[in-house]
Amino acid sequence: MDLLEFARGPALQWSVSIFIVGVLWRLLGVFLLRSKKDLSEPRNPAAWKGLRLIALRSWPRREFLEGTAFGEVMGYAFHVGFLVSLFFFAPHVLFFADVARGLSGTDLQGLIGFRWPTLPNGIITLLSAISVAALLAVLVHRLVNPVKRLISNFDDYFSWFVTFAPLVTGMAAFAHLAGWPYERLLAYHLLSVELLLVWFPFGKLMHAFTIFAARGTTGMIFERRGASL
Amino acid sequence: MTASTGQPHTRKPEPLEFDKPRVSIATPEYRYDMQGEMPEAERVERAMKSFVKDFGRTAAIYMESCIHCGMCAEACHFYEVTKDPKYTPIWKLEPFKQAYKREYGPFAVIYRALNLKQKVTVERLQEWQQLIYDSCTVCGRCSLMCPMGIDIAALVSQARHGMYAAGLIPHELWSVTERARLEGSPLGATPKVFKDRLEWLSDDHEVEIPLDEPDADVLCAMSSIEIMKYPDSVVATARIMNHLGVSWTFRLDGYEATNFGLLSGNAAAQKLLTMKIVDAAVACGAKTVILPECGHAYTALRWMGANMYGQPLPFRVMHIAEFLAEQVREGKLRLKKVAKSATFHDPCQVVRRGGAIEAPREVLKALGVELHEMYPTKGTNWCCGGGGGVVANHRADELRYKTFKLKMEQIEATGAELPVTTCANCRQTFDDGQAHFKWDRKMHSLLELVADNLIEDES
Amino acid sequence: MSAPSVGEFLRSRGVTRRDFMSFCASTATLLGLPPSLAARIATALEQARRPSVIWLPFQECTGCTESITRAHGATLEQLIFDAISLDYQHTLQAAAGDAAEHARAQAMKDNHGRYLLIVDGSIPTGNAGYSTIAGHDNLTMLKEAAEGAAAIIALGTCAAYGGIPGAAPNPTGAVPVGEIVKDKPIVNVPGCPPIPVVITGVLVQYLTFGKLPELDALGRPRAFYGQTIHDRCYRRPFYERGQFAETFDDEGARRGWCLYKLGCRGPTTYNACATVKWNNGTSFPIEAGHGCIGCSEPGFWDKGGLYQPLSTGRWGDARTVGTAVGVGAALGIASAALARKRQRDAEGG
């Protein structure tokens, strides 16, 4: 079995399985913890309206912007670049379509009812490049900013690495980086993605899920009190 | 529990000096305090147990969500004035994040088995005492910044429970809490003192102050700071209630609204203090309990009271500013116009975290002042720097004064004549800061401002 | 009797000087040599002695032989092929039975250490009876023939990498030549079948320079297998622009857009199809509207469905996912229950 076959086969199966197990383990392990009912009389009984915090907190208030603008802009740059390339690059869509077919027995279009759009490769390349640049910027920021440096741990740096690696290997594979055989680049790309999947449930990448829960929870508690969101 | 101070500063507990303007201990330089005699391992054990006990879904979600972006630092006044990264709000919880992962999180088994997260040591908790108590006012400004939506302030309150259980809280906070628990007031406003004061105030100010009425629609409570330091607020409360013709009373079995149990992390004391007011209100059949100008008193009863009581409270809980605003809205409270400009300092627990954002402003509007809002204001207003027990913790003074500069700048920038707030704790912090910096601005009480400008009926 | 040189042989077959020079020039190009070397190739070929070649077909389908001998009319490639002294090829030779075996033994003896061994088909290592020739099993025959060979050309994917006989579950225990013979130079010329000019190119180089071509990590001549189909595919611009045929009969397919989404393995397949093409340079699979199936790559038969896009993985199926979901949920529930228990204990204590 060559490296690419290993990456496409057993490595993928194991990493996907670990990802699923880990994510469910962590999410259920948290969501099934006890939660005491708040008996205080709500100022606003429609606490669910506080769920708007999920959207609201996507950009800091004006008062906080000065000190956080760099982090916010860079954060958005690499998130958007990463997610758009992940979901709208044609070969990726093929991957997801194949997964959908494997799970449901029907094609992606049949499953979701519409054709999943893909973006031209030029745009994907540009966004990935922006993402890579932004990730480098946030790494430097983490290393030189006293606050981030102090509070950072292994998770922060490793999570950065497993996010950075698929972007770089993906771009290298796409560009058929000179002198490197495509199938090896593709294998590295797959392996880097698999590393991401394996690490995902155990590190801070889980914020992709918990961000909604945390914002929503706080939003509802605060809304109930009429407090500032 | 006896008090002792921690290594390396072995020191006999000193008597509290109650005669000073503020509760204080002579030498505040030492870094951390310890209460009780117990092996170090037991302290850690107790902290962890308390921590585990407290934990629930909400706190766990928060603990799982931090991405170490460090943005909360930008919201914290202690960081803002020092730029010292250790004041980053989430960093103040570091040992507790560590404990969460190791003791309680979904992967706790793995973390323990592989020792991926070290066991929290007593040294670490001792080191963090200063961060959790001296440099956090639980003002919750960081909770508004966090991009993940983590309520960091709520976690600090939980962390304090663990610290209290371990006997690792600042000695002054511990002793005032003990005093409140044993004497009924942290500052010596015992029922007897309160009664004497009421008599004296009633005579001096020619105002009727009902006490221990068996039946009343409204039960009023005061904070010890007001009773001991700002008695005019007591008078103002009485005058306004009488003016409105409300059936009201003070009660000696439940008059003290401050709750150092909440601030120190002593959950049992918190419940005891809360239940005094709840029981008093139930005893006189009050439909409304009006809380004084005190921020954390509002959190303690308005938002935590029912949970302490174990069922919904059989009465409404209102901050005095909310009550005044309601009376203004209903046209019952008519006020003389104050032809001055004013700015409003938002007490964190009442406004940002309490939700009474507009009520004080409605009252100010009724007073006809020209309101110059600070920047930032309302939910993101800077904390006075003395909340969360910090003003009662003398060793934090130096740091607190630094944060106070923020307030001075903010207020100066408005150009307003009257700084007004509706929290006696903020007011006390302002008075102290004013004296320290020989500042020419005096903080005013919204309650007293209203009492001074009542339009008395001609009849 | 001294064997005629290649030049003499070709002239006897009526090949003109002009055709011969033209062949030498194009071969030089194929081999990635400068055109100036064409003259040298011509000179060398003229004088080269016809080498003795023994061709052993094992577990194979004769596709490779077909490709080389029958693909199209009598071309120079075929003539070059004829120019060698093919002393044994049981499919092609007229002799049969003992006579054939005798010819092989004689050639091996006469040209010991000098003959070229061509193998097509894989070698079964399981039951020796899976494949025998005149009572000899493949393994023994290969070992005997390899012993006196100057070099070995593993012709076709089966001989080079195991091919279809070696595909999972590989019932015969088929292995490529390279796994049996370790002490002789081996040139892999994979493909199912390989392109005819590739084999003649290798022969020409061997005859001209007296040495084997430069090989890549998989033992293939770099000159022919140095680039992927995708690298040289005329449909590549469509890939770059993100224009893909979604099905074999859609507008994209009719317009000749990239076949990536239909499982084309061009990007991972190293071969010269896109440049040399097939049937006298007529066309190649992608040009005919079908994606590359990667037939010249090791294990091509086991790399997923032929219509499964390259970017897809074999990530498992609903059952794998279901199992993972079950395990994850169980662990989550258990850890929450454990945490709750610790809470109760803490409260009790």
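The shown structure was predicted, so the numbers you read here are calculated from the model rather than taken from an experiment.

Student: Account for the overall build of chain A, naming residues and giving values.
Tutor: Assigned secondary structure in chain A consists of 11 helices and zero strands. Viewed in the frame of its principal axes, chain A has a C-alpha envelope of about 65 × 45 × 35 Å. When each of the 229 residues of chain A is scored for burial, the buried share is 42%.

Student: Just give me the short version of the domain arrangement of chain C, but keep the residues and values in it.
Tutor: All names here are of chain C. Under the domain assignment, chain C is made up of domain 1 (50–223) and domain 2 (229–302). For domain 1 versus domain 2, the separation of C-alpha centres amounts to 28 Å. Domain 1 puts 15 residues into the contact, and the matching count from domain 2 is 15 residues. Its residues placed into classes, the side of domain 1 that touches domain 2 shows 11 nonpolar, three polar and one charged.

Student: Tell me about the nonpolar core, and name the residues and values.
Tutor: Residues Cys72(B), Leu219(B), Val289(B), Leu291(B), Val363(B) and Val450(B) are the most contacted members of the largest nonpolar core, which totals 197 residues. Sort the elements by how many residues they give to this core and helix α2 (residues 10–31) of chain A lands first, with 12 residues. Those residues within four positions of Val363(B) in sequence are excluded, and the remaining contacts are Ala321(B), Leu324(B), Ala325(B), Val328(B), Leu446(B) and Val450(B). Core analysis: the second largest hydrophobic core is formed by 87 residues, Leu30(C), Leu45(C), Ala149(C) and Ala272(C) among them.

Student: Please give an account of helix α5 (residues 90–104) of chain A that cites residues and values.
Tutor: All names here are of chain A. Its 15 residues place the ends of α5 21 Å apart at the C-alpha level, agreeing with the 21 Å of an ideal helix rising 1.5 Å per residue. Those residues of α5 not exposed but buried are Ala90, Pro91, Val93, Leu94, Phe95, Ala97 and Asp98. Looking at the packing, one finds that the buried side of α5 touches α6 (108–112). Two residues or fewer past α5, Gly105 is found with a positive phi of approximately 80°.

Student: Describe unusual backbone geometry, naming the residues involved and giving the relevant values.
Tutor: What you tend to see is this: most non-glycine residues have negative phi, and most peptide bonds are trans. Cis geometry is adopted by the peptide bond preceding Pro376(B), which originates at Tyr375(B) and carries an omega value of -10°. Summarising the element assignment, Pro376(B) is placed in the loop between β8 (370–371) and α19 (397–414). Cis rather than trans, the peptide bond between Ala168(C) and Pro169(C) has omega equal to 5°. Considering the arrangement of structural elements, one finds Pro169(C) in the loop between α8 (156–161) and β8 (174–175).

Student: Hey, could you go over the interface of chain A and chain B for me, with residue numbers and the actual values?
Tutor: Often, the extent of an interface is quoted as the loss of accessible area upon association of its parts. Contact with chain A, which involves 48 residues of that partner, is made by 48 residues of chain B. No other element matches helix α11 (residues 207–225) of chain A, which puts 11 residues into the side of chain A that touches chain B. Per-class residue counts for the side of chain A that touches chain B are 19 nonpolar, 15 polar and 14 charged.

Student: Hey, could you go over the pairing of strand β7 (residues 341–345) of chain B for me, with residue numbers and the actual values?
Tutor: Residues and elements named next belong to chain B. Summarising burial for β7: four of the five residues are buried, a large majority. Bridging between β7 and β8 involves two bridges; their strand directions are parallel. Paired with Ser341 across the two strands is Glu370, which belongs to β8. Since β7 and β8 lie parallel, the crossover through helix α18 (residues 359–366) that links them has a hand, and here it is right-handed.

Student: Would you mind going over the sheet that holds strand β7 (residues 149–155) of chain C in detail, with residue names and values included?
Tutor: Residues and elements named next belong to chain C. Here we have five strands laid out as an open sheet, ordered β2-β1-β3-β7-β9, and parallel in their pairing. This sheet does not close on itself; its edge strands, each paired only once, are β2 (85–88) and β9 (186–189). Strand after strand, the sheet turns through a mean of 25° between neighbouring axes, direction not considered. Lying over the sheet, helix α7 (residues 138–147) contacts β1 (52–57), β3 (115–120) and β7, oriented at roughly 165° with respect to β1.

Student: Any details on the environment of Leu301(B)? Residues and values, ideally.
Tutor: Residue and element names in this part refer to chain B. Along the polypeptide, Leu301 turns up in helix α15 (residues 295–303). In sequence terms Leu301 and Asn259 are 42 residues apart; their C-alpha atoms lie 9.1 Å from each other. Here Leu301 is in contact with Ala257, Thr274, Ile277, Val289, Leu291 and Val317, once residues within four sequence places are set aside.

Student: Just give me the short version of the interface of chain B and chain C, but keep the residues and values in it.
Tutor: With seven residues of chain B at the interface, the matching set in chain C holds eight residues. In terms of residues, the side of chain B that touches chain C owes the most to one element, helix α1 (residues 40–54) of chain B, which gives three residues. A breakdown of the residues in the side of chain B that touches chain C according to their chemical character gives five nonpolar, no polar and two charged.

Student: Give me the sheet that holds strand β5 (residues 288–291) of chain B: which residues, what numbers.
Tutor: Across the sheet, four strands lie side by side as β4-β3-β5-β6 (chain B); this open sheet has parallel pairing. Two strands bound the open sheet, and with one partner strand each, they are β4 (248–249) and β6 (316–319) of chain B.

Student: A description of the packing of helix α17 (residues 320–329) of chain B against α18(B) should follow, citing residues and the corresponding values.
Tutor: Residue and element names in this part refer to chain B. Following both chains from N to C, one finds α17 and α18 inclined at 50°, their axes separated by 8 Å at the closest point. The angle between α17 and α18 places the two elements in the oblique class. In this structure, α17 meets α18 at a crossing whose hand is left-handed. Contacts between α17 and α18 involve Ala321, Glu322, Leu324, Ala325, Val328 and Arg329 from the former and Ala359, Pro360, Glu362, Val363 and Ala366 from the latter. Per-class residue counts for the contact of α17 with α18 are eight nonpolar, no polar and three charged.

Student: Any chance you could break down the pairing of β7(C) for me, citing the residues and the numbers?
Tutor: All names here are of chain C. Among the seven residues that make up β7, five are buried, leaving the element largely enclosed by the rest of the structure. By the bridge criterion, six bridges tie β3 to β7 in an arrangement that is parallel. Bridge pairing in β7 links Leu116 to Ala151. When β7 meets β9, the two strands line up parallel, connected through four bridges. Paired with Ile153 across the bridge in β9 is Val187.

Student: Describe the environment of Ile169(B), listing the residues and the values that go with them.
Tutor: Tracing the chain through its elements places Ile169(B) in the loop between α8 (152–165) and α9 (171–183). Overall, the presence of 27 C-beta atoms within 10 Å leaves Ile169(B) in the buried class.

Student: Could you give an account of α11(A), naming the residues involved and the relevant values?
Tutor: For α11(A), built from 19 residues, the straight-helix expectation of 27 Å at 1.5 Å per residue is met to within 8% by its first-to-last C-alpha distance of 26 Å. With its phi angle positive at about 75°, Gly226(A) sits one or two positions after the end of α11(A).

Student: I'd love a proper account of the environment of Arg329(B), names of residues and values included.
Tutor: Residues and elements named next belong to chain B. Looking at the secondary structure, you find Arg329 in helix α17. According to the C-beta neighbour criterion, Arg329 is partly exposed, with 13 such atoms within 10 Å. Between the alpha carbons of Arg329 and Ala366 there is a distance of 9.2 Å; along the sequence they are 37 residues apart.

Rules used in this analysis
Residues numbered from 1 in each chain as written. Chains lettered and ligands numbered in written order. Predicted model: local features only at pLDDT ≥ 70, side-chain atom pairs only at ≥ 80, totals over all residues. Helix = DSSP H or I, 4+ residues; strand = E, 2+ residues; numbered from the N terminus. Buried ≥ 20, exposed ≤ 12 C-beta atoms within 10 Å, placed from the backbone. Domains from an automatic or database assignment. Contact = placed C-beta atoms within 7 Å. Nonpolar A, V, L, I, M, F, W, Y, C, P; charged D, E, K, R; others polar. Core = buried A, V, L, I, M, F, W, Y, C linked by C-beta atoms within 7 Å. Expected span 1.5 Å × (residues − 1). Pairing = 2+ DSSP bridges. Right-handed = clockwise from strand over helix to strand, strands pointing away. Axes fitted to C-alpha atoms, helices over the stretch in contact; angles between N-to-C directions. Parallel < 35°, antiparallel > 145°, perpendicular 65-115°, else oblique. Left-handed = near helix turned anticlockwise from the far one by under 90°.

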